[in-house]
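Chain residues, written in single-letter form:
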Amino acid sequence: MLSQRRLGTATLALGLVVLTDVLRVFLPSVITIFGQAASTPAELLGAFAVGWFVLALAAPALVVRVGPATVGVTAVLVLGAARLALTAAPGGRAQLWLASAGLLAGLVWLAATAARVGNPVPGLVLGLTASALGHALVGTYDLVWWERWPAWAASVAVVAALLAAETAFGRRRDAAQPVDDAPPARRAWLLVGPALLLGGMVALSPAVAISAMSYWYGEAGTAAPPPFALAPLGVAAPLFLLGALTPWHPRWRALPPVLLLAGALLFGYGPPTLLTVAILVSAAGLGGCLGLAGGGPSPQRAVRSTGPAYAAVGGMLGFAVAALLYYAAYDLGYPNEWVPAVVAALTGVVAMRGAAASDGLSEAEPESGLPRWRLAVLAAVVALAAAWLHGPWLVASNRDGPPERVRLVAYNIRMGFGLDGRFDLTALDRAVGRADVVVLSEVDRGWLLNGGHDTLGLLAARLGMPYVFAPAADPLWGDAVLSRWPVQRARTRPLPAVGAPTGAQALGVTVDLSAGVRLAVVSTHLQPPPGADPVVQARAVADFATGYADGAPLVVAGDLNTEPGDPAFTAFTSAGLVDSLASARPLPTSPADDPHEQIDHVFVSPDLVATDAVAVPGVASDHLPVAVTLTLPSR
C-alpha cells in the first residue's frame, strides 16, 4: 500500500490533471459562449471568469466546518462528473455551466487537499508534467472534444483513479489528522496558481513548443511545419522535474528565480526564434522555484488549520487575475508583455522566502522521495514519442504539372471554436472542403485562454496541407496560408495599428504550381479601431501585395472587416485588384448563424478569372468561409 505521503502526492497529481482539463474548456467557453471576444466588453468577460475564483475563497471555511475528507470526496465527485459530462455536452450554455461547476468544484477540492497535504510540490510537479505530456500525446487536441470511445475510456479511467485515490487518502488522513501548516508549506501552496499559469503559457505547453520549433523552419519571421515539432517538450519536461525534485545548494538558490524571470522576459519581449530558449529556461526555472518553496519542514499541526487552503485558493485567484490582465490587453489595448515577467518575479520571491524559512530547521526534508532521474527519463521518452507520433509530417502533394484552375478558400476560424463553443476540427475540415489553397484568419497556436491548442497544426494535419504562419498579436496568434502545392518566398509585414488593440499583418507566399507557373497569395486580417474603417491598413496591404507579387498573378484574401463600397474596400480596387466574389453578391459572411455583413473577401489581379464563388454555410466559426475557383492565365 502507498504511504500517506505518496497517496497524497498521487491524489494531488491526478486532481490537477482533471482540473486542468476543465480549465481548458472553461476559459474558451467564457469568450465564445458567455460572451464574444472583441464584442462583449472585456471587463464583463473578466468579471464572470474571476468571479468563480473569488467564490472559491469560501472553501477554506467550508473545509474547517465540514472536514477536509468529506469536502474533498464531494468536490471530486462533482469535478469528475463535470469532466465526463463535458465530453458528452453538445456545447452552448450547458458546456459553459458544466465547466464553471467543474472549475468551482476543483478549487474547493484544492482547498480540502491543502488542508491535508503538507508539501504540495511533488504532486504539483507530477500533475503539471502528466497534464502536459498527456496533451502532447493527443497532439493538443483535448479528449473532451473527441466524441469517440477512446476519449471516454481514457477520461473515465483518470476520473475513476482520482476518485479512488481521494477516497483512500481521505480515509487514511482522517485517522492520523496530521498537516503541515509551517510557512514554507503555505508558500508552496501559494505557487499552485502561478505554476499553472507559467506552465500553461510557456514552460510546459505542447502547443507553444510546436510553434517555437516551427519558427526555425520559416523565413523572414514566418513559421512552417517542422519535423519532431514537440521535441522542445522532451527537454523542458525533464528540466522541470529535475529542478523541482533536486535539492538546491544555498549557493545556487538564486539561479531558479533568475532563470524563470529570463524565460518570461524572452517569452514576452524576445523574437519568435527565441521561443524555444524561453521554454527551456522557464521550465528549469519554474521547477527550481517550486523545489525551493517546497523544501521546508513538516511538523504536525491540527487538521483544521486554514492557512494552506487559503494560500492554494489565493494562488488560483492570482492565476485568474494574471490571465485576465494578459489576454484582456488584446481587447483593451495596453502592453501585456510584463504580465508573465511580474508573475515570474513574484514566484521567485516566494520561492526564495520559502527556502530561507526552511534553513536551520532540524526537521527539514529537502528530498521528495521520488525517483527524479527515472521520472525525468520517462518524461523525455513520452515527449519524444509524442514528437514522433505527431510530426507533423506535412508535404505539398500536387506536383504533376501546373493546373488550369485553383480552388481557394478564405476563412476566419475564430481559433477553431464554433458558435456552440466547441472545438470542432471535423466541422472546420468540412467547411474548407477540397481546397487547393486556404487562407486563414484568427489562427491560435497555443494561447492558454483558448485551451492551449495548436489549432493550425491540427487543422493542417487533418487537411494534409503544409502551412505558413505569420504572427500578428504575438508569436502564437495571427494568420496563415495552407497549400497543396509547394510555397516559396514567405514574407510578413506588420500593419499600422491605427488604435486597434490586436495587431495585424500581411503575409505573402508564392505558390509554386510547377513549370515556372507562380501564384502570389497574400493573407491578412484587417483590425480597424472601434467604429472606424480600416482604410489605412487596407492601403498598406494593397501596397505590400502589389509589390510582393511583382507582376505575378495575385490573390489578397481574408477577414477584411469592410463592406463593398467602403473606403477600405475601395483601396483594394483602386490598386487595380478585382473583387472575385462580385458575381455572387450580396454574399454575407458574418455572423455565421445569421449572416448580413459582407466582410470576408478575395481580391485578385485582372489576369485571374474567378468563378463558382460561394459562402459555405456552417457554424464551425462565427464567420462563413468564402470559396472561389481561379482560372490561371494561359501560358
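Because the structure is predicted, anything quoted here is derived from the model rather than measured. (Residues numbered from 1 in each chain as written. Predicted model: local features only at pLDDT ≥ 70, side-chain atom pairs only at ≥ 80, totals over all residues. Heavy atoms only, no water.)

Draft legend 1. Summary view of the overall build of the chain. A count of helices and strands for the chain gives 20 helices and twelve strands. Looking at the chain residue by residue over its 635 residues, the buried ones come to 60%. In the chain, the share of contacts with a sequence separation of at least 24, taken over all contacts with a separation of at least 6, comes to 79%. If you sum the accessible surface of the chain, you get close to 22200 Å²; carbon and sulfur atoms cover 63% of it. Taking the 37 positively charged and 41 negatively charged side chains of the chain as two groups, their mean positions are separated by 12 Å. (Helix = DSSP H or I, 4+ residues; strand = E, 2+ residues; numbered from the N terminus. Buried < 20%, exposed > 50% of the residue type's maximum accessible area, 1.4 Å probe, protein only. Contact = heavy atoms within 4.5 Å. Areas by Shrake-Rupley, 256 points an atom, 1.4 Å probe, with all protein chains shown as cover. Lys, Arg positive; Asp, Glu negative; His and termini not counted. Charge placed at Lys NZ, Arg CZ, Asp CG, Glu CD.)

Draft legend 2. Representation of the sheet that holds strand β10 (residues 600–604) in the model. Read from one edge to the other, the open sheet built from six strands follows the order β5-β6-β7-β8-β10-β9, with strand pairing classed as mixed. Among the strands making up the open sheet, the edge pair consists of β5 (487–494) and β9 (578–579). Relative to β10, strand β8 (residues 554–559) is paired through five bridges, and the arrangement is antiparallel. Looking at the pairing, V555 lines up with V604 of β10. Sitting on the sheet, helix α19 (residues 535–549) touches β5, β6 (505–512), β7 (518–525) and β8, and the angle it makes with β6 is about 25 degrees. Lying over the sheet, helix α20 (residues 567–574) contacts β8, β9 and β10, oriented at roughly 15 degrees with respect to β10. (Pairing = 2+ DSSP bridges. Axes fitted to C-alpha atoms, helices over the stretch in contact; angles between N-to-C directions.)

Draft legend 3. Representation of the pattern of salt bridges. Under the criterion given, the structure shown has eleven salt bridges. A salt bridge links D21 to R83, with the shortest nitrogen-to-oxygen separation between them at 3.3 Å. On the criterion of sequence distance, the pair formed by D21 in helix α1 (residues 4–34) and R83 in helix α4 (residues 68–88) is long-range, its members being 62 residues apart. (Salt bridge = Lys/Arg side-chain N within 4 Å of Asp/Glu carboxyl O.)

Draft legend 4. The arrangement of the packing of helix α6 (residues 121–137) against helix α13 (residues 275–294) in detail. Interaxial distance between α6 and α13 falls to 9 Å at its minimum, and their mutual angle equals 160 degrees. It follows that α6 is roughly antiparallel to α13 by the angle criterion. The handedness of the crossing between α6 and α13 comes out as right-handed. Between α6 and α13, the residues in contact are V121, L124 and V125 and L290, G291 and G294, respectively. Its residues assigned to classes, the contact of α6 with α13 comprises four nonpolar, two polar and no charged. (Parallel < 35°, antiparallel > 145°, perpendicular 65-115°, else oblique. Left-handed = near helix turned anticlockwise from the far one by under 90°. Nonpolar A, V, L, I, M, F, W, Y, C, P; charged D, E, K, R; others polar.)

Draft legend 5. Representation of the sheet that holds strand β3 (residues 467–474) in the model. What the six strands build is an open sheet, ordered β3-β4-β2-β1-β12-β11; its pairing is mixed. Of all the strands in the sheet, just β3 and β11 (609–615) have a single pairing partner and so form its edges. Taking each pair of neighbouring strands and ignoring which way they run, the sheet shows an average axis angle of 15 degrees.

Draft legend 6. Structural detail: the pairing of β7. The buried count for β7 comes to seven of eight residues, which makes it a mostly enclosed element. By the bridge criterion, seven bridges tie β6 to β7 in an arrangement that is antiparallel. When the bridges of β7 are listed, T510 appears paired with A520. Connecting the antiparallel pair β6 and β7 is a turn made up of five residues, with S514 showing a positive phi of about 80 degrees.

Draft legend 7. Layout of the nonpolar core. If you look at the biggest cluster of nonpolar residues, it comprises 155 residues, and the most contacted ones within it are F26, F53, F319, L440 and L482. The contacts of F53, once residues within four sequence positions are left out, are L23, F26, L103, L107, V313, M316, L317, F319 and A320. In this structure, V517, V555, V602 and V604 belong to the second largest nonpolar core, which totals 32 residues. (Core = buried A, V, L, I, M, F, W, Y, C linked by side-chain atoms within 4.5 Å.)

Draft legend 8. Structural view of the side chain of T629. Here T629 is to be found in strand β12 (residues 626–631). Among the polar contacts listed, one links the side chain of T629 to the side chain of R407, at a separation of 2.7 Å. (Polar contact = N/O pair within 3.5 Å; in protein donor to acceptor, adjacent residues only side chain to side chain.)

Draft legend 9. Expanded view of helix α10 (residues 206–215). With respect to burial, α10 is a largely interior element, ten of its ten residues being buried. Among all positions in α10, only P206, A207, V208, A209, I210, S211, A212, M213, S214 and Y215 are buried. The elements touched by buried residues of α10 are α6, α9 (192–203), α11 (231–245), α13 and β3.

Draft legend 10. Structural view of the side chain of T524. Summarising the element assignment, T524 is placed in strand β7. Separated by 2.7 Å, the side chain of T524 and the backbone oxygen of Q505 make a polar contact. Beyond its immediate chain neighbours, meaning those up to four positions away, T524 contacts S441, D479, L495, Q505, A506, V541, A557, G558, D559 and L560.

Draft legend 11. Quick look at unusual backbone geometry. Geometrically, the link from R585 to P586 is a cis peptide bond, its omega value of 5 degrees lying close to zero. One can find P586 in the loop between β9 and β10. The linkage connecting S590 with the following residue, P591, adopts the cis geometry, with an omega of -10 degrees. Within the fold, P591 resides in the loop between β9 and β10. In this model, A220 sits at a positive phi of 55 degrees, which is unusual for a non-glycine residue. Tracing the chain through its elements places A220 in the loop between α10 and α11. The exposure class of A220 is partly exposed, given its relative accessible area of 46%. Located in the positive-phi region is D550, a residue other than glycine, with phi close to 50 degrees. Its place among the elements puts D550 in the loop between α19 and β8.

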